[in-house]
Amino acid sequence: MKKHLLVLLSLLVVASMALAACGAPAEEVPATEAAATEAATEVATEAPAEPVTITFWEQEGEEVDVFIDQLIADFQAANPNITVERTHYENEALRDQFQTASLAEAAPDVVRVPSDFAGPFSTLQIVAPVDQLFDQAFIEQSFEGALENSKVAGTYWGIPDGYGNHLMLIYNKSLIAEPPATFEDLIATAKELTTGDVQGFAYNLNEPYWGAGFYGSFGGWPLDAEDKPQFNNQAFIDYLTFVAALKTDGVVPQECDYACADAMMKEGKAAMIINGDWSLGEYQTALGENFGVAPVPSINGNAYTEMTGNKAFMFSTAVLDDAAKKDAVVKFVTFMTSAEVQKRWLDEFKRLPSNKEVANDPAISSDPILVASMAALSNGRGQPAAPQMRCAWDAWRPNLEGVMAGTLTPEDAAAAAQEAADACVATLGTN
C-alpha cells in the first residue's frame, strides 16, 4: 500500500500539469418529478438488505444544486435504504480535493465533474473504468461523442448526463435575416455589414478553443489517435493562414476577445459571432425575437468541427471493493443519467442530453434555437481528456497569438507549437 501511495503521490505532481482547458437527445418523455421518481423505481431492483450511504461530490452552481438535491430526494424516496450525501466544491477545488482524498483513502464514492478530469484522474489511477460497474448496453445509451469526452487510452472513465459545451454561430436577425450557408458567404456578408459602429462578424480571436473548429475544418486535430500533439503539419499551417487573413482582410475586428464579441452581440452591434451553448439564455434575453442560432458555416466544404464537452459521473476505485456501495452507486447513477432525468435538465436548463432517446424529444424539435444547437453539436468532436491535451493548449495559445499579431508566420508557429508541446509531454512520463 505504501508503494502504491508513493506512485500516486508522484503522479499527482504530473497530473497538476495535465489539466484540460476551460461544460445533450427521443420519444416524448414525461417531464414531471413524478415521472423521474417512477424512473428511479424502475432502475432500482431489489434494495440493499442493509442501509447504505454513498458520498457524492459535484461542482454546479447554486441554482443547479437545488435541482440536484430534488433529484437526490426523488431517488432516495424510491430507494429508502440508500442515502446520498452531497458535497459541493468549486471546479478546481473539487479536482484537488478528490485527488487528495484519494491519496488518503478517503475519497467520495462518486463525483460529477467536467469530462476532461478523466485525464488526471485516470493517470493517478483513482477512478474506475466504467465497464467495471456498468454493462455495455447501458454505456451505449449515450452518444459516442459524449462518451469520447471521458475516454483516455482507449478506456471510458465517466458516464455523461448531458452533451454540449459546443460553439455555434449566433446572429442578430435585425442585421442579417438568414445565416450564411458557407464561410465564404459569411466573409462576403460580414464585409458588407461592417459599417459605422456595426461589426459584421466577431469571435474570440486568440483562444485555441475557438481555433479548434477551424483547425478541424482543415483536417487537423490537436491530438492524434495515440494522444500525441500534432501541430507541425499542413492542416495547422492552413488554419493559421486562414484566421490570420480574416483579420488582415478586415472580416473581424483588429482586436477582439470573448468580452468584446459578447458585448457587441448583446448591444446589437454585431451581426454574427461564434459563441457557446452556455451563452444562449443571455442572448435570448438581450435580443428577443432577433436572436438566431446556426452551425458555424462550412469552410471549403468542410464542417467547422468545434470541440464538445459534458459533465460525467466518475467513480472512486474503492467502490469496486464494497459490493453494497457498488450496487448503490450503480443504481444512483443509472437514475441520474436516465432519459427522464435528462429530460428535466432539458426543460429546466436547456441543456442538451447525452441520452440518444431524448434527442428526439419535441422540446428540442419544436425549439428553433435548440434545433440549431443540436445541428452544431453534430459537427463537433469531443475535447480530448488525455493529460497531453494540457500540453497542446499551452503550446497552441502563444503561437496563435503570434500569428494574429503578425510576429510569427504560420509555418514558424506550427514548428514552435510542436516543439513546445513535445517538450511538455516529455515531462509527463506518459508517452
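Scroll up a little and you will see the structure.
Quick caveat: nothing in here was measured; it's all calculated off a predicted structure.

Criteria and thresholds
- Residues numbered from 1 in each chain as written.
- Predicted model: local features only at pLDDT ≥ 70, side-chain atom pairs only at ≥ 80, totals over all residues.
- Heavy atoms only, no water.
- Helix = DSSP H or I, 4+ residues; strand = E, 2+ residues; numbered from the N terminus.
- Buried < 20%, exposed > 50% of the residue type's maximum accessible area, 1.4 Å probe, protein only.
- Areas by Shrake-Rupley, 256 points an atom, 1.4 Å probe, with all protein chains shown as cover.
- Pairing = 2+ DSSP bridges.
- Core = buried A, V, L, I, M, F, W, Y, C linked by side-chain atoms within 4.5 Å.
- Contact = heavy atoms within 4.5 Å.
- Axes fitted to C-alpha atoms, helices over the stretch in contact; angles between N-to-C directions.
- Parallel < 35°, antiparallel > 145°, perpendicular 65-115°, else oblique.
- Left-handed = near helix turned anticlockwise from the far one by under 90°.
- Nonpolar A, V, L, I, M, F, W, Y, C, P; charged D, E, K, R; others polar.
- Disulfide = S-S within 2.5 Å.

## What to know about the overall build of the chain
When its secondary structure is counted, the chain shows 18 helices and 13 strands. Here the chain holds 431 residues, and 55% of them are scored as buried. With the model as given, the accessible surface of the chain reaches about 17,300 Å², and the carbon-plus-sulfur share is 51%.

## A word on the pairing of strand 7 (residues 167–172)
Burial analysis of strand 7 places six of its six residues in the buried class, the great majority of the element. By the bridge criterion, five bridges tie strand 7 to strand 9 (residues 270–276) in an arrangement that is antiparallel. Opposite Leu167, over in strand 9, you have Gly276 as the bridge partner. As judged from the four bridges shared by strand 7 and strand 10 (residues 291–294), these two strands associate in the antiparallel manner. By the bridge assignment, Asn172 is partnered in strand 10 with Phe291.

## Description of the nonpolar core
Core analysis: the biggest nonpolar cluster contains 67 residues, and Phe201, Tyr203 and Phe214 have the highest contact counts within it. With nine residues, the single largest contributor to this core is helix 10 (residues 234–248). If we skip the residues at most four places from it in the chain, Phe201 touches Leu169, Phe183, Leu186, Ala190, Val251, Val252, Pro253, Met272, Ile273 and Ile274. Membership of the second largest hydrophobic core comes to 34 residues, among which are Leu71, Val84, Ala328 and Met336.

## As for the sheet that holds strand 8 (residues 199–202)
Judged by pairing direction, the sheet is mixed, and its four strands sit side by side in the order 8-9-7-10 without closing on themselves. In this open sheet, the two strands that pair with only one neighbour each are strand 8 and strand 10. Between one strand and the next, the sheet's axes are offset by a mean angle of 25 degrees, whatever the strand orientation. Across the sheet, helix 8 (residues 183–193) touches strand 7, strand 8 and strand 9, and the angle it forms with strand 8 is around 140 degrees.

## Some remarks on the sheet that holds strand 12 (residues 311–315)
Spatial ordering of the open sheet is given by 2-1-3-12-6, a layout of five strands whose pairing is mixed. Looking at which strands have only one partner, the edges of the open sheet turn out to be strand 2 (82–88) and strand 6 (159–160). Inspection of the sheet shows strand 3 (residues 110–114) paired to strand 12 by five bridges, in the antiparallel sense. Considered in strand 12, the bridge of Pro114 is made with Lys311. Sitting on the sheet, helix 13 (residues 323–336) touches strand 1 (52–58), strand 2, strand 3, strand 6 and strand 12, and the angle it makes with strand 1 is about 50 degrees.

## Focus on the packing of helix 10 against helix 18 (residues 410–426)
Their axes nearest at 9 Å, the elements helix 10 and helix 18 cross at an angle of 130 degrees. Considering their axes alone, helix 10 and helix 18 lie oblique with respect to each other. Note that helix 10 runs across helix 18; the crossing there is right-handed. On the side of helix 10, the interface is formed by Phe236, Ile237, Leu240 and Thr241, while helix 18 contributes Pro410, Glu411, Ala413, Ala414 and Ala417. In terms of residue class, the contact of helix 10 with helix 18 is made up of seven nonpolar, one polar and one charged.

## Structural notes on the state of the cysteines
By definition, a disulfide links the sulfur atoms of two cysteines through a covalent bond. Inspection of the entire model under this criterion finds two disulfides. Paired by a disulfide, Cys256 and Cys260 hold their sulfur atoms 2.1 Å apart. Handedness here is read from the sign of the S-S torsion; for Cys256 and Cys260, about -95 degrees, the answer is left-handed. Cys256 gets classed as buried once you look at its relative accessible area, which sits at 7%. Since its relative accessible area comes to 22%, Cys260 is described here as partly exposed. A sulfur-sulfur distance of 2.0 Å marks the disulfide that ties Cys391 to Cys424. Around the S-S axis, the bridge from Cys391 to Cys424 shows a dihedral of about -65 degrees and counts as left-handed.

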